[in-house]
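Overview (structure and organization)
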Amino acid sequence: MKDEDEAPLYLDDHERLKALAHPMRRRMLSHLNVHGPATSTTLGELLGAKTGTTSYHLRQLEKYGFIEEIPERSTGRERWWRKADIPRDIRTPNFRDVAPESRAVLEEFYRIGMAEDRALMDRFGAAYRRDPDWAKASRGFGRMTKEGFDAFFEEYIALLSKYSHRADDAPPDARPLYIRMFALPADDT
């Protein structure tokens with residue numbers, strides 16, 4: 001489980017944020033996170049991309065510390081990659097604090113993430129029918145102050161950290177899970 005003192009990783013660097021604001025890189029990182037190490041060839045086959053394209057995107061993810069090569073598995077031209085040991089709590093800066101040139105990148109980062117989340121929501125019904133013990137959903141409504149909402153968010157992140165395991169320390173019966181919490185004002189519509 002997570003070390004309680006692990007600080008969040010803030011994507012407050014324009015180039016680092018830009019590295020994750022690309023759909024193919026996000027899919028590659030997700031695959032490495034869920035399924036473990038892979039080569040650019042393997043990822044290219046899974047994503048319908050040429051090896052040169054996947055190699056480029058893997059190098060970008062490596063450059064900004066999101067993945068790393070596995071030297072002991074890499075031979076010749078075949079390079080194996082894994083997700084780097086980075087904090088699981090990754091946060092973006094407040095939109096108001098972002099430099100004007102980074103705002104479009106931040107919006108693209110969220111657009112891609114929300115598209116991923118919509119796809120997950122579309123898969124929920126089938127996952128629930130297959131195994132309701134492993135597919136759960138909750139919808140709620142509440143009235144909170146800004147301070148209360150900030151505290152709620154921090155406690156939510158703490159719960160994820162408390163009950164989650166990294167791949168290398170997970171018990172044999174642990175499964176990878178997509179976990180989402182959505183919160184937005186109900187009076188803006």
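In the block above lies the structure referred to throughout.
Now for a description of the structure that goes with this document. (Residues numbered from 1 in each chain as written. Predicted model: local features only at pLDDT ≥ 70, side-chain atom pairs only at ≥ 80, totals over all residues. Heavy atoms only, no water.)

1. Some remarks on the overall build of the chain
Looking only at helices and strands, the chain has 6 helices and 5 strands in total. A buried classification covers 29% of the 189 residues belonging to the chain. Put simply, of all contacts in the chain between residues at least 6 apart along the chain, 64% involve residues at least 24 apart. Per element, the accessible surface of the chain, about 13300 Å² overall, is 52% carbon and sulfur. If the 31 positive side-chain charges of the chain are averaged to one point and the 33 negative ones to another, these points end up 6 Å apart. (Helix = DSSP H or I, 4+ residues; strand = E, 2+ residues; numbered from the N terminus. Buried < 20%, exposed > 50% of the residue type's maximum accessible area, 1.4 Å probe, protein only. Contact = heavy atoms within 4.5 Å. Areas by Shrake-Rupley, 256 points an atom, 1.4 Å probe, with all protein chains shown as cover. Lys, Arg positive; Asp, Glu negative; His and termini not counted. Charge placed at Lys NZ, Arg CZ, Asp CG, Glu CD.)

2. Section: the side chain of Asp-89
Position of Asp-89 relative to the elements: it lies in the loop between β4 (80–83) and β5 (90–91). Of note is the side chain of Asp-89, whose polar atom sits 2.8 Å from the side chain of Arg-91. Among all residues touching Asp-89, those that are not within four sequence positions of it are Pro-8, Leu-9 and Ile-157. (Polar contact = N/O pair within 3.5 Å; in protein donor to acceptor, adjacent residues only side chain to side chain.)

3. A look at the sheet that holds strand β3 (residues 67–69)
With antiparallel pairing, the 3 strands of this open sheet are ordered in space as β2-β4-β3. With partners counted over all chains shown, the strands left at the sheet margins are β2 (38–39) and β3, one partner each. Sheet topology places β3 next to β4; 3 bridges connect them, and they run antiparallel. When the bridges of β4 are listed, Glu-68 appears paired with Arg-82. Across the face of the sheet, helix α2 (residues 23–35) comes into contact with β2, β3 and β4 while running at roughly 85° to β4. (Pairing = 2+ DSSP bridges. Axes fitted to C-alpha atoms, helices over the stretch in contact; angles between N-to-C directions.)

4. Side note on helix α6 (residues 146–163)
Over its 18 residues, α6 extends 26 Å from the first C-alpha to the last, a length consistent with the 26 Å expected when each residue adds 1.5 Å. Turning to α6, its buried residues number three or more, namely Tyr-156, Ile-157 and Ser-161. Buried residues in α6, looked at end-on, bunch into an arc of 135°, giving them a common side. In α6, the exposed residues that point more than 90 degrees away from the buried face are Glu-147, Glu-155 and Tyr-163. Among the structural elements, β5 are those in contact with the buried residues of α6. (Expected span 1.5 Å × (residues − 1). Arc of directions from axis to C-beta.)

5. Quick notes on the side chain of Asp-117
Note on placement: Asp-117 falls in helix α5 (residues 100–130). For Asp-117, the contacting residues outside a window of four places in its chain are Arg-180 and Phe-182.

6. Topic: the nonpolar core
In globular proteins that are soluble, nonpolar side chains generally tend to be buried together. Within the largest apolar cluster, 25 residues are counted, with the highest numbers of intra-cluster contacts made by Leu-20, Leu-58, Phe-66 and Ile-67. Breaking this core down by element, the ones donating at least two residues are α1 (14–20), α2, α4 (51–63) and α5. Ranked by the residues each element gives to this core, the list is headed by α2, at 4 residues. The contact partners of Leu-20, leaving out residues within four places of it in the chain, are Leu-11, Arg-26, Leu-29, Leu-61, Phe-66 and Phe-109. (Core = buried A, V, L, I, M, F, W, Y, C linked by side-chain atoms within 4.5 Å.)

Spatial relationships are all this shows, so hold off on functional conclusions.
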